[in-house]
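# What the coordinates show
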Amino acid sequence: RQVATVASFGPGKRLLQRVGSWVVRQASSTEIPDTTSGFRALSRGAAQRLFVHDEYTYTLETIIQAGADRMAVASVPIATNAPTRRSRLVRSIPSYVRRSAGTILRVYTMYRPLRAFSLLALALLTVGVALGARFVYYFIVEPGRSGHVQSLILAAICIVVAFQVFLIGVVADLIAANRRLLEDVRLRVRRMESEEADSVSRSGSRRA
């Protein structure tokens, strides 16, 4: 959709659309300008490979999943009609932003868990190292004072939690690898069922 030219999109909605689409592009490694658009065309193979887990909306999840699976994704500009009724999906902007953010975070963590948990662990480790450096600095500059022990304790907690978060990411990555194997099995089953349905349809048309 040409969001900048859609009259029914106010300034706030256009800003949220641009920010949200940018976040999804970063999460999916794609170049889709309007990630929340529900207009989609899928090849048969792509439809068989995609697995929608979220009950709220498929729009964001399918793009992130397609990017994670390195599927070919393209954007085609389209025109839109004026709205004739209120959206059944978006009850309010804050609700939509909250649920969309949850979807993006969950799907990104599902398909790239090691990267997601590593970034969180790195943030915690950075905080821990900074607090530790602060304690060392004041320990050297003010050796007679002991009022900065809290920084050392908090630094130790942050470093330990960072290590635990990284281990959780490793375990989550192993689980994700197992999930990909299960999805491959499910994809093969889908293709077999589709080929069987095509065979039955062709045999039925020949009898007719």
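Worth saying up front: this structure is predicted, and the values here are computed from it rather than measured.

Summarising the element assignment, Arg112 is placed in the loop between α4 (93–111) and α5 (113–141). No salt bridge is formed by the buried Arg112; the nearest opposite charge belongs to Asp69, separated by 8.4 Å. Sequence-distant contacts of Arg112, that is, excluding residues within four places in its chain, are made with Ala27, Ser28, Ser29, Gly67 and Ala68.

Turning our eyes to something else, we now look at the packing of aromatic side chains. Inspection of every chain in the model, using the stated rule, returns two aromatic pairs. Ring centres of Phe135 and Phe139 lie 5.9 Å apart, and the angle between their planes is 25°; this geometry places the pair in the stacked category. In this pair, Phe135 and Phe139 are both assigned in helix α5, four residues apart and thus about one turn of the helix distant. The buried category is assigned to Phe135, whose relative accessible area is 17%.

This brings us to the nonpolar core. With 11 residues, the main nonpolar core is built from Val24, Ala27, Ile32, Leu60, Ile63, Ile64, Ile104, Val107, Tyr108, Tyr111 and Ala116. Listed by contribution, the elements that provide at least two residues to this core are α1 (11–28), α3 (59–68) and α4. For this core, the leading source of residues is α4, giving four residues. Setting aside residues up to four positions removed in sequence, Ile63 forms contacts with Val24, Ser28, Thr30, Ile32, Thr35 and Arg40.

Definitions and limits used
- Residues numbered from 1 in each chain as written.
- Predicted model: local features only at pLDDT ≥ 70, side-chain atom pairs only at ≥ 80, totals over all residues.
- Heavy atoms only, no water.
- Helix = DSSP H or I, 4+ residues; strand = E, 2+ residues; numbered from the N terminus.
- Buried < 20%, exposed > 50% of the residue type's maximum accessible area, 1.4 Å probe, protein only.
- Lys, Arg positive; Asp, Glu negative; His and termini not counted.
- Salt bridge = Lys/Arg side-chain N within 4 Å of Asp/Glu carboxyl O.
- Contact = heavy atoms within 4.5 Å.
- Phe/Tyr/Trp six-rings, centres within 6.5 Å; stacked < 30°, edge-to-face > 60°.
- Core = buried A, V, L, I, M, F, W, Y, C linked by side-chain atoms within 4.5 Å.

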